[in-house]
Amino acid sequence: MDEYEKLREMKIEEAIKLTQETFDINKKLTIELDKYKENLAYIWGTLIKEDSEAKNEENLMAEFLVEYKIKEEGLVLYYESLDSESEIPAIKANIEYCKTVATVQLANIVIEDINYIMSYASVIVDKYENSNNENIKKAIKEFDNEMNELQTSLDLTRKLQINVDAIDIALKQLEAAEYFIGMASISSIETKIPEIKSLIDNLTPNNQITQEDINFYKEYLQFFQNYVDGYKSTI
């Protein structure tokens, strides 16, 4: 069991380290994505002035630019508000778990955000790069050049996805280990119950054991049987 606890602690430390690293990438990407969203907002403003059709999609673009920003900033603030310096192990473990969950949620939102940015940028360029309007054509060319820098963020996004997958694997490994250790402990108790039950059933009151003692042994054994049944029904 000591070896198991050692390996378990190592896996938990790995998950905590991955969580912090992933959060740092998340935070960096949210800052970088602001620049590309500003580019989107600027080009959209130009298109609205020059093309009446673009005006019809103004609200959709505005919602996109704001929606993900709110979600991302909310999760960043939530993560940074979690203090894992507690001396109580159970509280510390719960806070670390909350930080991991928040980090994975933030990563998924950031990845989705950058995919939308790329999609919108691609649609805008494809639709307007050959426009007859020279103002639009010039603006699109500048926009396309600026958005090419998105490749750096895409590289970070790939690292982000790798980390999220690694966190998922680490948590599943911990869960599987807890399951098998739990089942091993339960099996050990379960195999002893029939033997102990047989001994108790053959007890009779005497100078050293009263009927009340025997009844207590039976109730205590039933407690362990209920514990085993309850544990097995929840996993």
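Cut-off values and rules
- Positions within a chain are numbered from 1, following the residues in the order the chain's sequence is written.
- Local features in this predicted model are restricted to residues whose pLDDT is 70 or higher, and side-chain atom pairs enter the listing and the counts only when it is 80 or higher, whereas totals over whole chains, interfaces and linings include all residues.
- Working from all heavy atoms in the structure, the side-chain values ignore hydrogens and water.
- Only DSSP runs of H or I reaching four residues or more are called helices, and only runs of E reaching two or more are called strands; each is numbered from the N terminus.
- When accessible area is computed with a 1.4 Å probe and restricted to protein chains, residues below 20% of their type maximum are described as buried, those above 50% as exposed, and intermediate ones as partly exposed.
- Contacts are assigned to residue pairs with any non-hydrogen atoms lying within 4.5 Å of each other.
- Only Phe, Tyr and Trp rings are paired, with Trp represented by its six-membered ring, and only when their centres lie within 6.5 Å; those with planes under 30 degrees apart are stacked, over 60 edge-to-face, the remainder tilted.
- Angles here are taken between N-to-C directions and fall from 0 to 180 degrees, while the axes themselves are lines fitted to C-alpha atoms, restricted in helices to the stretch in contact.
- Crossing chirality is assigned from the near helix's rotation relative to the far helix, an anticlockwise turn below a right angle marking it left-handed and a clockwise turn marking it right-handed.
- Amino acids are sorted into nonpolar (Ala, Val, Leu, Ile, Met, Phe, Trp, Tyr, Cys and Pro), charged (Asp, Glu, Lys and Arg) and polar (every other residue, Gly among them).
- Each nonpolar core is a collection of buried residues, namely Ala, Val, Leu, Ile, Met, Phe, Trp, Tyr and Cys, held together in the definition by side-chain atoms within 4.5 Å.
- Patch rule: a residue counts if its relative accessible area is over 30% and it has no salt bridge; like charges are joined within 9 Å, and nonpolar side chains (Val, Leu, Ile, Met, Phe, Trp, Tyr) within 5 Å.
- All accessible-area figures derive from a Shrake-Rupley calculation using a 1.4 Å probe, and residue coverage is judged against the displayed protein chains alone.
- The working definition used for a salt bridge is a side-chain nitrogen of Lys or Arg within 4 Å of a carboxyl oxygen of Asp or Glu.
- Expected helix span is taken as 1.5 Å per residue step, with the number of steps being one fewer than the number of residues.
- Throughout, the arc means the angular range of directions from the helix axis out to the C-beta atoms.
- Whenever two N or O atoms come within 3.5 Å, that pair is a polar contact, provided that in protein one can donate a hydrogen and the other can accept it, and provided that, for residues adjacent in sequence, both atoms are side-chain atoms.

> Teacher, can you tell me more about the environment of Ile 25 here?
Checked against the element boundaries, Ile 25 lands in helix H1 (residues 2-50). The class for Ile 25 is buried, based on a relative accessible area of 10%. It is 9.9 Å that separates the C-alpha atoms of Ile 25 and Thr 103, two residues lying 78 residues apart in sequence. For Ile 25, the residues in contact, after removing those within four places along its chain, are Leu 156, Lys 159, Leu 160 and Asn 163.

> I keep staring at the side chain of Thr 30 and nothing clicks. Help me out?
Mapped onto the fold, Thr 30 is located in helix H1. For Thr 30, a relative accessible area of 9% translates into the label buried.

> Is there a simple way to explain the packing of aromatic side chains in this structure?
Given two aromatic rings, one states the distance between the centres and the angle between the planes to describe the pair. All told, the structure shown has five aromatic pairs when counted by the stated rule. Arranged with centres 3.7 Å apart and planes meeting at 10 degrees, the rings of Phe 23 and Tyr 79 form a pair that is stacked. Of the two residues, Phe 23 is situated in helix H1 and Tyr 79 in helix H3 (residues 58-81); the sequence distance between them amounts to 56 residues. Between Tyr 220 and Phe 223 the ring centres are 6.3 Å apart and the planes differ by 15 degrees, which places this aromatic pair in the stacked class.

> For this particular structure, what's the right way to read the packing of helix H4 (residues 89-128) against helix H5 (residues 134-147)?
Packed helices, taken two at a time, are described by the angle their axes make and the gap between the axes. At a closest axis distance of 10 Å, the pairing of H4 and H5 adopts a crossing angle of 150 degrees. As H4 packs across H5, the resulting crossing turns out to be left-handed. Counting all contacts with H4, which are made through Ile 117, Ala 121, Ile 124, Val 125 and Tyr 128, the residues of H5 involved are Ile 136, Ile 140, Phe 143, Asp 144 and Met 147. Considering only residue class, the contact of H4 with H5 consists of nine nonpolar, no polar and one charged.

> Even after reading the chapter, I still don't get the nonpolar core, so can you show me in this structure?
One broad trend across soluble globular proteins is that nonpolar side chains are buried collectively. Membership of the largest hydrophobic core comes to 39 residues, with the highest contact counts inside it found for Leu 40, Leu 47, Ile 117, Ile 124 and Phe 143. Secondary structure elements with two or more residues in this core: H1, H3, H4, H5 and helix H6 (150-201). At 12 residues, H4 tops the list of elements feeding residues into this core. When sequence neighbours within four positions are dropped, the list of residues in contact with Ile 117 reads Leu 33, Tyr 36, Lys 37, Leu 40, Phe 64, Met 147 and Leu 150. Of all hydrophobic cores here, the second largest spans seven residues; its members include Ile 186, Ile 193, Ile 209 and Val 228.

> Even after reading the chapter, I still don't get a nonpolar patch on the surface, so can you show me in this structure?
A cluster of nonpolar side chains, contributed by Leu 203, Phe 216, Tyr 217, Tyr 220 and Phe 223, occupies part of the molecular surface with about 500 Å² of accessible area. Note that Phe 223 resides in helix H7 (residues 211-233). Residue Phe 223 is classed as partly exposed on the basis of its relative accessible area of 48%.

> What is the right way to look at the pattern of salt bridges in this model?
Side-chain pairs of opposite charge can arise whenever the charged atoms involved come near each other. Under the criterion given, the structure shown has 10 salt bridges. For Lys 159, the salt bridge is made with Glu 21, and the minimal N-O distance between the two is 3.2 Å. Of this pair, Lys 159 sits in helix H6 while Glu 21 sits in helix H1, and the two are 138 residues apart along the sequence. Relative accessible area serves as the criterion here: at 36%, Lys 159 is assigned to the partly exposed category. Judged by relative accessible area, Glu 21 falls into the partly exposed class, the value being 29%. Two residues, Asp 168 and Lys 172, come together in a salt bridge whose shortest N-O distance is 3.2 Å. Placement of the pair is Asp 168 and Lys 172 together in helix H6, with a separation of four residues, close to one helical turn. It is possible to trace a salt-bridge network through shared partners that takes in Asp 34, Lys 69 and Glu 73.

> Teacher, can you tell me more about H5 here?
A rise of 1.5 Å per residue sets the reference length of H5, with its 14 residues, at 20 Å; its end C-alpha atoms lie 20 Å apart and thus fit the reference within 8%. All of the buried residues in H5 are Ile 136, Ala 139, Ile 140, Phe 143 and Met 147. The arc that holds every buried residue of H5, seen down its axis, measures 105 degrees, which confines them to one face. Facing away from the buried surface of H5 by more than 90 degrees, the exposed residues are Glu 134, Lys 138 and Lys 141. One side-chain oxygen at the N-terminal end of H5 lies 2.9 Å from the backbone nitrogen of Asn 135; it belongs to Asn 133.

> Help me understand the environment of Ser 153 in this model?
Of note, Ser 153 is situated in helix H6. Sequence separation between Ser 153 and Glu 32 is 121 residues, and the spatial gap between their C-alpha atoms is 7.2 Å. With near-sequence residues (within four places) excluded, Ser 153 lies in contact with Leu 29, Glu 32, Tyr 36 and Ile 114. Within the local environment of Ser 153, its side chain forms a polar contact with the side chain of Glu 32, the two groups lying 2.6 Å apart.

This is a description of form; function is not addressed.
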